[in-house]
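# Survey of secondary and tertiary structure
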Amino acid sequence: MRIDLHTHSRCSDGTDSPAELVQAGARAGLDVMAITDHDTIAGWAEAARAAACCGITLVRGMEISARYEGHSVHILAYLFDPENPALCQHIKQIRASRWDRAQQIVQRLHADFPITWDDVVAQADPEVTIGRPHIADALVKIGVVGERGQAFDELLHPSSRYYVRQYAPEAIEVIDVVKKAGGKTVWAHPKAVKRGTLVPDSAFAVMAAAGLFGVEVDHRDNPQEKRADLAAIVASCGLRAFGSSDYHGMGKPNRLGEHTTSQDVFEALTEGAYMEV
Ligand code: AMP
Ligand code: FE
Ligand code: FE
Ligand code: ZN
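Keep in mind the model is a prediction, meaning the values are calculated, not measured.

## Examining the site of ligand 1
As a matter of local geometry, ligand 1 sits amid 16 residues, with D13, H38, R101, R132 and H248 nearest to it. Within the contact set of ligand 1, an oxygen atom lies 3.0 Å away from a side-chain nitrogen or oxygen of R98. For ligand 1, an oxygen atom lies 2.8 Å from a polar atom in the side chain of R101. When ligand 1 is considered free in solution it has 500 Å² of accessible area, and contact with the protein chains removes 87% of it. Secondary-structure elements contributing two or more residues to the shell around ligand 1 are α3 (85-110), α5 (132-141) and α6 (148-154). Considering every element that reaches the shell around ligand 1, the biggest residue donor is α6, with three residues.

Take a look at the structure:
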C-alpha cells in the first residue's frame, strides 16, 4: 500500500483543484491519500467525490497553523468532527487574521516594489486560505522574482524586513482541541530549519503528553542527517512516525508519494477516529 497523508490543493497554497489533486494521487499510484490544506476543509467534499471515482481512499485532514514557545509549527489534524465548535472557532480566528497579516506584508513590500493587494488577490480563489505563497505568486507574476521559492528565500523569509508574523494558537491547545473533536494530530516537518527557527526537542514529550499522535519523520524539509535521531525521539515518546510528500502541485518541487507512511501507522491513525475513511 502506498500512503501519502500530506497534500495541498488550491483551497490553500497548492495549484491543483481538490479533484485534480486526487486524480494526480491515483496517477502517482497512491492507494491512500489525505487532503490537508492549511487551516481549511473547503476541499473535502470535492476531493471525496473524486476519490470515489478514482477508487483511492481519502483521509480528510487539515494542516493547522500553530505556535510553540513563539516558534511557528504546523499541526496536521485528521478525521476530526468538522463541526466541532471549539475547533471551528480556532480556525475562524486563524483565517481572519491571515488576511490582515498578508495585507501588512504587501504594504511593506509596496514601499520598494510595484506590488498591490489586487495583484495578490488575483493569485487566489475567493475562499482560499491566503498566505505568503499567494504573495510570492504575485511577485513572480509582476516580475520581481523568477519563482515562488526565490520569493521565500529573499523577500518573504521570517528574517526579511517585509515579513510579518501570523497569529496562531498554541500547539498544545490545537492538539487538545483536535483530540476533543475526535481527531488525531501529527506534528509536520519538525526539523524544517529553512522555514525559520527550530523548536527544542523537549517539545516532543510535552506535545505527546498533550495527546499528539505522531510526527512527520520522512519529509524533505527534515534534513536527512537528522532523521535517525528524530525517529529515536519520536519512538521514545510513544509517538508514531509518518512519511509524507507535502505536495503543493506546481507550487513546490515535492512529488506525490516521495515519502510514505506504513500501513500499520495508517491503521492506527484511523482507529477510533470520529470520521471514517
Ligand atoms: P504562511 O502560512 O503564509 O506563513 O506561508 C507558509 C507556507 O508557504 C508554507 O505552508 C509552505 O507551504 C509555503 N512555503 C514555505 N517555504 C516555501 C518555499 N521555499 N517555496 C514555496 N513555498 C514555500
Ligand atoms: Fe503550504
Ligand atoms: Fe506545513
Ligand atoms: Zn503542508
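## As for the coordination of the iron ion (ligand 2)
The coordination sphere of the iron ion (ligand 2) contains the protein donors D13 (OD), H38 (NE2) and H248 (NE2), at a distance range of 2.1 to 2.2 Å. Along the chain, the residues donating to the iron ion (ligand 2) fall in the pattern D-x24-H-x209-H. In this structure, the iron ion (ligand 2) lies 5.3 Å away from the iron ion (ligand 3). Here H38, found in the loop between β2 (32-35) and α2 (44-54), pairs with H248, found in the loop between β7 (240-243) and α10 (263-270); they are 210 residues apart in sequence, far enough to count as distant. Note on H248: relative accessible area 1%, which makes it buried.

## Topic: the environment of M1
Relative to the assigned elements, M1 resides in the segment before β1 (3-4). Sequence spacing of M1 and Y167 is 166 residues, and the spatial spacing of their C-alpha atoms is 38 Å. Discounting chain neighbours no more than four positions away, the residues touching M1 are D31, V32, Q263 and F266.

## Digging into the sheet that holds strand β6 (residues 214-218)
Pairing within the open sheet is mixed, and its seven strands lie in the order β1-β2-β3-β4-β5-β6-β7. A strand with exactly one partner marks an edge of an open sheet, and here the two such strands are β1 and β7. As paired elements, strand β3 (residues 57-68) and strand β4 (residues 71-78) share eight bridges and run antiparallel to each other. Residue M62 lies in a different strand from β4, and its bridge partner there is A77. Packing of α2 onto the sheet brings it into contact with β2 and β3, and relative to β3 it is tilted by some 150°.

## Thoughts on the nonpolar core
Core analysis: the biggest nonpolar cluster contains 63 residues, and L5, I64, I75, Y78, W187 and M207 have the highest contact counts within it. Listed in part, the 19 residues of the second largest apolar core include I105, I115, A124 and V145.

## Thoughts on the coordination of the zinc ion (ligand 4)
At the metal site, the zinc ion (ligand 4) is ligated by H6 (NE2), H8 (NE2), E63 (OE) and D246 (OD), and these contacts range over 2.0 to 2.3 Å. Bound by four donor atoms, the zinc ion (ligand 4) shows angles of 78 to 173° at the metal and therefore irregular coordination geometry. Within one chain, the residues serving as donors to the zinc ion (ligand 4) are arranged as H-x1-H-x54-E-x182-D.

## Things to note about helix α1 (residues 18-27)
Turn by turn, an α-helix covers 3.6 residues, leaving residues three or four places apart pointing in a common direction. Along α1, the residues classified as buried are P18, A19, L21, V22, A24 and G25. Turning to α1, the residues buried within the fold contact β2, α2 and β3. Positioned one or two residues after α1, G29 has a phi angle of 85°, which is positive.

What counts, and at which threshold
- Residues numbered from 1 in each chain as written.
- Chains lettered and ligands numbered in written order.
- Predicted model: local features only at pLDDT ≥ 70, side-chain atom pairs only at ≥ 80, totals over all residues.
- Heavy atoms only, no water.
- Near = heavy atom within 4 Å.
- Polar contact = N/O pair within 3.5 Å; in protein donor to acceptor, adjacent residues only side chain to side chain.
- Areas by Shrake-Rupley, 256 points an atom, 1.4 Å probe, with all protein chains shown as cover.
- Helix = DSSP H or I, 4+ residues; strand = E, 2+ residues; numbered from the N terminus.
- Donors = N, O, S within 2.8 Å, 3.2 Å for Na, K, Ca; no water.
- Buried < 20%, exposed > 50% of the residue type's maximum accessible area, 1.4 Å probe, protein only.
- Contact = heavy atoms within 4.5 Å.
- Pairing = 2+ DSSP bridges.
- Axes fitted to C-alpha atoms, helices over the stretch in contact; angles between N-to-C directions.
- Core = buried A, V, L, I, M, F, W, Y, C linked by side-chain atoms within 4.5 Å.
- Tetrahedral: all angles 85-135°; square planar, octahedral: opposite > 155°, others 65-115°.

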